[in-house]
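# Examining the three-dimensional arrangement
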Amino acid sequence: MKHSLIKTIIMSMAICSLAGCGETYDADNPTESVNALKAELENQAAVAEFDELWGIYQRGYVNDQAEATGPDYSRFDGMNAEEMHKELREYVDWIDVSGMFIAPPGYIESVETMGEDAALAQARAEAQGQPSVDIEVRGNTVSLCVNLNPYTGSVS
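Residues numbered from 1 in each chain as written. Predicted model: local features only at pLDDT ≥ 70, side-chain atom pairs only at ≥ 80, totals over all residues. Heavy atoms only, no water.

## A word on the pattern of salt bridges
Quick reminder of the rule: Whenever Lys or Arg places a side-chain nitrogen within 4 Å of a carboxyl oxygen from Asp or Glu, that contact is recorded as a salt bridge. Secondary structure elements follow DSSP: runs of H or I no shorter than four residues count as helices, runs of E no shorter than two count as strands, and numbering proceeds from the N terminus.
Inspection of every chain in the model, using the stated rule, returns four salt bridges. A salt bridge links Arg-89 to Glu-49, with the shortest nitrogen-to-oxygen separation between them at 3.0 Å. Remark: Glu-49 occurs in helix H3 (residues 44–59) and Arg-89 occurs in helix H4 (residues 81–98); sequence separation between them is 40 residues. As a salt-bridge pair, Lys-86 and Glu-90 come within 3.5 Å of each other at their nearest N and O atoms. Of this pair, Lys-86 and Glu-90 both sit in helix H4, four residues apart, which is roughly one turn of that helix.

What follows is the structure, given as structure tokens:
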């Protein structure tokens, strides 16, 4: 009896380890779940990428009709760290391929309180004064193009 109990315990432990048992994401406790899952990732590079992807996911995206879509935490419910990491990568790739843009910080929340038009106007106003720089190399010539207003395309 004792021998078969030990054998059963060892077999169940082996099955759990092969099946990826461990922490899984709980949509009801997103912050605690994410922290527990990150502890299971194999190295600091994976943790850093996971953090970046999770930050992007939490911000949501805006489609070409300026409609904002926020995060749906239930889509990850029950996933382990590797599954969730893969899903987050696919989500960010999908935004890029679909021509969507990642919502600025606080944009989704402001849409819920102010409405889409006011939130977009506020996001544009906040983005002003934050120039972007495009670098183009043609042969031996390097061109720098500073975009002072990314929404109107003003260049100087």
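## Thoughts on the packing of helix H2 (residues 30–38) against H3
Test applied: Helix axes are fitted only over the stretch in contact, all axes being lines through C-alpha atoms; the angle between N-to-C directions runs from 0 to 180 degrees. The scheme is simple: roughly parallel for angles under 35 degrees, roughly antiparallel for over 145, roughly perpendicular for 65 to 115, oblique for anything else. The sense of a crossing depends on the near helix, which, turned anticlockwise from the far helix by less than a right angle, makes the crossing left-handed and, turned clockwise, makes it right-handed. Contact definition: two residues touch when any of their heavy atoms are within 4.5 Å. Put simply, Ala, Val, Leu, Ile, Met, Phe, Trp, Tyr, Cys and Pro go in the nonpolar bin, Asp, Glu, Lys and Arg in the charged bin, and everything else, Gly too, in the polar bin.
It is the contact of H2 with H3, at a shortest axis distance of 10 Å, that shows an interaxial angle of 155°. With respect to each other, H2 and H3 are oriented roughly antiparallel. Note on packing geometry: the crossing formed by H2 with H3 is right-handed. Of the residues in H3, those touching H2 at Pro-30, Val-34 and Lys-38 are Val-47, Phe-50, Asp-51 and Trp-54. When grouped by side-chain class, the residues that make up the contact of H2 with H3 number five nonpolar, no polar and two charged.

## Observations concerning the nonpolar core
Note the cut-off: What makes a nonpolar core is a set of buried Ala, Val, Leu, Ile, Met, Phe, Trp, Tyr and Cys residues whose side-chain atoms join them at distances within 4.5 Å. Per-residue accessibility, obtained with a 1.4 Å probe over protein chains only, is compared with the maximum for each type, and a residue is labelled buried under 20%, exposed over 50%, and partly exposed between these values.
Counting residues in hydrophobic clusters, the biggest one holds 22 residues, and the most contacted among them are Tyr-25, Phe-50, Trp-54, Phe-76, Met-84 and Leu-88. Of all the elements in the fold, those that place two or more residues in this core are H2, H3 and H4. Residue contributions to this core peak at seven residues, all from H3. Apart from the residues lying within four places of it in its own chain, the contact partners of Trp-54 are Tyr-25, Pro-30, Val-34, Tyr-73, Phe-76, Met-84 and Leu-88.

## Comments concerning the sheet that holds strand S1 (residues 61–62)
Short version of the rule: At least two DSSP bridges between two strands are needed for those strands to be called paired.
Pairing in this open sheet of three strands is antiparallel, and the strands run S2-S1-S3 from one edge to the other. The sheet is open, and its two edges are formed by strand S2 (68–69) and strand S3 (101–102), each paired on a single side. Alignment of S1 against S3, held across two bridges, turns out to be antiparallel. The residue bridging Val-62 from the neighbouring strand is Phe-101, located in S3.

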